[in-house]
Amino acid sequence: MLSVELGLLVAAASSATFAFITHRNAIKARQLQIVYDLLFEYGTFHMRTAMRSLREFHTEWTKKGNNLEARYEKIKEEEEEECEKRPVFEKTQCLEHTLHSQRCLVSNFYMIMKMTLDRNLVPKKYIFRYWNSVTLKEILDIIDPLGYDKDKRLRSLYDQAVEYAKRHPKKEAPIDR
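Residues numbered from 1 in each chain as written. Predicted model: local features only at pLDDT ≥ 70, side-chain atom pairs only at ≥ 80, totals over all residues. Heavy atoms only, no water.

Caption draft 1: The environment of D141, seen in detail. Considering the arrangement of structural elements, one finds D141 in helix 7 (residues 133-143). Between the C-alpha atoms of D141 and H58, which are 83 residues apart in sequence, the distance is 8.5 Å. (Helix = DSSP H or I, 4+ residues; strand = E, 2+ residues; numbered from the N terminus.)

Caption draft 2: Broad picture of the pattern of salt bridges. On inspection of all chains with the given rule, the structure shows eight salt bridges. Between R55 and E138 there is a salt bridge, with the nearest N and O atoms lying 2.8 Å from each other. Residue R55 is found in helix 2 (residues 45-63), and its partner E138 is found in helix 7; the two are separated by 83 residues along the sequence. When sorted by exposure, R55 lands in the same class as E138, which is buried. Among the ionic pairs, K114 bridges to D118, the shortest N-O distance being 2.7 Å. Separated by four residues within a single helix, K114 and D118 lie in helix 5 (residues 99-118), roughly one turn from each other. By relative accessible area, which is 6% here, K114 ends up buried. Counted as one network, the salt bridges with shared partners bring together E82, R86 and E90. (Salt bridge = Lys/Arg side-chain N within 4 Å of Asp/Glu carboxyl O. Buried < 20%, exposed > 50% of the residue type's maximum accessible area, 1.4 Å probe, protein only.)

Caption draft 3: Spotlight on unusual backbone geometry. One non-glycine residue, N120, adopts positive backbone phi at about 55°. As for its position among the elements, N120 is in the loop between helix 5 and helix 6 (124-130).

Caption draft 4: Summary view of the state of the cysteines. Going through the model one piece at a time under the given rule, you end up with one disulfide. One disulfide in the model links C83 with C94; its S-S distance is 2.0 Å. Between C83 and C94, the S-S dihedral sits near -75°, and the bridge is therefore left-handed. Residue C83 is located in helix 3 (residues 68-84), and its partner C94 is located in helix 4 (residues 88-96); the two are separated by 11 residues in the primary sequence. Looking at the unpaired C104, the closest cysteine sulfur is the one in C83, lying at 13 Å. Residue class for C104 comes out partly exposed when judged on its relative accessible area of 24%. (Disulfide = S-S within 2.5 Å.)

Caption draft 5: Representation of the packing of aromatic side chains in the model. Inspection of the entire model under this criterion finds eight aromatic pairs. Aromatic pair Y42 and F109: ring centres 5.5 Å apart, planes at 40°, arrangement tilted. Of this pair, Y42 sits in helix 1 (residues 2-42) while F109 sits in helix 5, placing them 67 residues apart in sequence. On the accessibility criterion, Y42 (2% relative accessible area) is buried. (Phe/Tyr/Trp six-rings, centres within 6.5 Å; stacked < 30°, edge-to-face > 60°.)

Bear in mind that shape data such as this cannot, by itself, settle questions of function.
Spelled out as structure tokens, the structure:
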């Protein structure tokens with residue numbers, strides 16, 4: 001009788017251990033899938049084009065010493081007016097290629113990344129392995145002057161990357177260089 005109870009106890013313990021390990025592996029797989037999805041989205045043609053356009057805009061207008069926010073709003077108005085003149089079937093395609101649309105794409109990507117970290121869906125080491133403080137500083141320098149980081153989410157994401165880099169000093173180049 002005692003050996004049967006002991007056998008059931010061992011079976012229950014090994015079943016619980018198996019369930020724990022399976023659950024832990026499922027969580028890790030989900031985390032890696034999220035990082036993979038972020039990397040995939042970051043590498044798309046649209047994202048690369050948007051990043052390049054924002055960098056060019058920032059570089060061009062910073063050199064000229066102009067107010068980036070005012071210049072951005074002027075370009076936004078001009079591009080929207082230009083798209084409004086087009087036939088209905090071309091408007092959407094035209095609007096998709098505006099500087100404002102590209103800024104929205106990049107901002108939304110980094111907001112999703114911030115939300116992923118805030119909700120602890122992925123450990124910081126997975127995110128900051130690919131998007132380090134150098135990359136995030138560049139994005140912050142482009143988007144913050146445009147007035148589109150009013151709630152300071154990108155600033156917070158950058159600060160987290162800097163803090164992570166201080167605790168884990170390993171120099172890595174940004175993935176988009």
